[in-house]
Amino acid sequence: MDLTQVLHMNGGVEEASYANNSLIQREAISLTTSCRVKTITNLYCSLNPKSLAIADLGCSVGPNTLLVTSEIIKVVEKLCQELNHQSPEYKVFLNDLPGNDFNSIFKSLDTFKKKLRDEMETEIGPCYFSGVPGSFYCRIFPNKSLHFVHSSSEVKLEVETEGSFSINQLEVFGVNMHALDSDLSELLAKGIRAVIEPLLISHFSEGVTKEVFDRHRKILTYGISKERTKITNLTVTLTRKS
Ligand SMILES: C[S@@+](CC[C@H](N)C(=O)[O-])C[C@H]1O[C@@H](n2cnc3c(N)ncnc32)[C@H](O)[C@@H]1O
């Protein structure tokens, strides 16, 4: 079985969808904001690009999909105002595996752009979005076509061996699950279901998943009652060597 054809998050907006169950990932993204702001500020100030190409690898579909893109555009627009620069155009490439619900993302883009303009209270540079279906373990972009690449997915740390990038920052931090202030076993169980259910269905068909996830939820409830739960996150900032 080719995993890249089967793996994808639960699409749509139903109860079991990734869109409704990605709070933990959102927390991890918000904890790493300062690192991205620093990186994009340095990048913009050193290159002053007229056209800024941004990619999000493993963008999925849901409230987190355009979170980082929106954050980057806001930082750059603010810099442009401070430096009295004209806004660049933004080329945003959203990558995930082919089974990802790209259609839902595309349908949300007009609302996203309007919200961004409203929040900035000013015109922003033109934004062009493209979906890039395919595995990020293969070449999916033309040579030297991107300025900024973000991934909150599990991009492998093969960079040092591969040799094209230098590591600027490497931070390990824990997301304290008890800080998320909701029924933790429910949050975790639904979050994991939204990620792996399509994979289980492809192996065992739809009939078994309810029973599997009900049992999983009970195991989590028991485990969480015994210990405080932290999820470990790794944040790495890289620059391509010239
Ligand atoms: C846990 S989700 C994170 C999604 C989103 N970035 C967020 O923070 O909520 C990981 C995403 O990476 C995607 N993914 C996993 N392996 C991938 C690969 N080899 N190439 C492209 N996308 C991949 C999955 O389909 C999934 O949408």
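Above this text sits the structure in question.
Residues numbered from 1 in each chain as written. Predicted model: local features only at pLDDT ≥ 70, side-chain atom pairs only at ≥ 80, totals over all residues.

> Would you mind going over the overall build of the chain with me for this structure?
Across its full length, the chain holds eight helices and six strands. Each helix and strand of the chain, ordered N terminal to C terminal, gives the series α-α-α-β-α-β-α-β-β-α-β-α-α-β. With 242 residues in all, the chain has 21% of them scored as buried. Across the chain, contacts joining residues at least 24 apart in sequence account for 86% of those joining residues at least 6 apart. (Helix = DSSP H or I, 4+ residues; strand = E, 2+ residues; numbered from the N terminus. Buried ≥ 20, exposed ≤ 12 C-beta atoms within 10 Å, placed from the backbone. Contact = placed C-beta atoms within 7 Å.)

> In this structure, what is going on with the nonpolar core? I would like to understand it.
As a rule of thumb, soluble globular proteins bury nonpolar side chains together. Membership of the largest hydrophobic core comes to 22 residues, with the highest contact counts inside it found for I54, I72 and V76. At five residues, the largest contribution of residues to this core is made by helix α4 (residues 67-83). Not counting chain neighbours up to four residues away, the residues in contact with V76 comprise I40, Y44, L52 and P88. (Core = buried A, V, L, I, M, F, W, Y, C linked by C-beta atoms within 7 Å.)

> Please clarify how the site of the ligand should be interpreted in this entry.
As a structural note, the neighbourhood of the ligand is formed by 20 residues, with Q25, G58, S60, N64 and S153 the closest of them. Sorting the residues of the shell around the ligand by element identifies α2 (23-31) and β2 (89-96) as the ones contributing at least two each. Considering only residue class, the shell around the ligand consists of eight nonpolar, 11 polar and one charged. (Near = placed C-beta within 6 Å. Nonpolar A, V, L, I, M, F, W, Y, C, P; charged D, E, K, R; others polar.)

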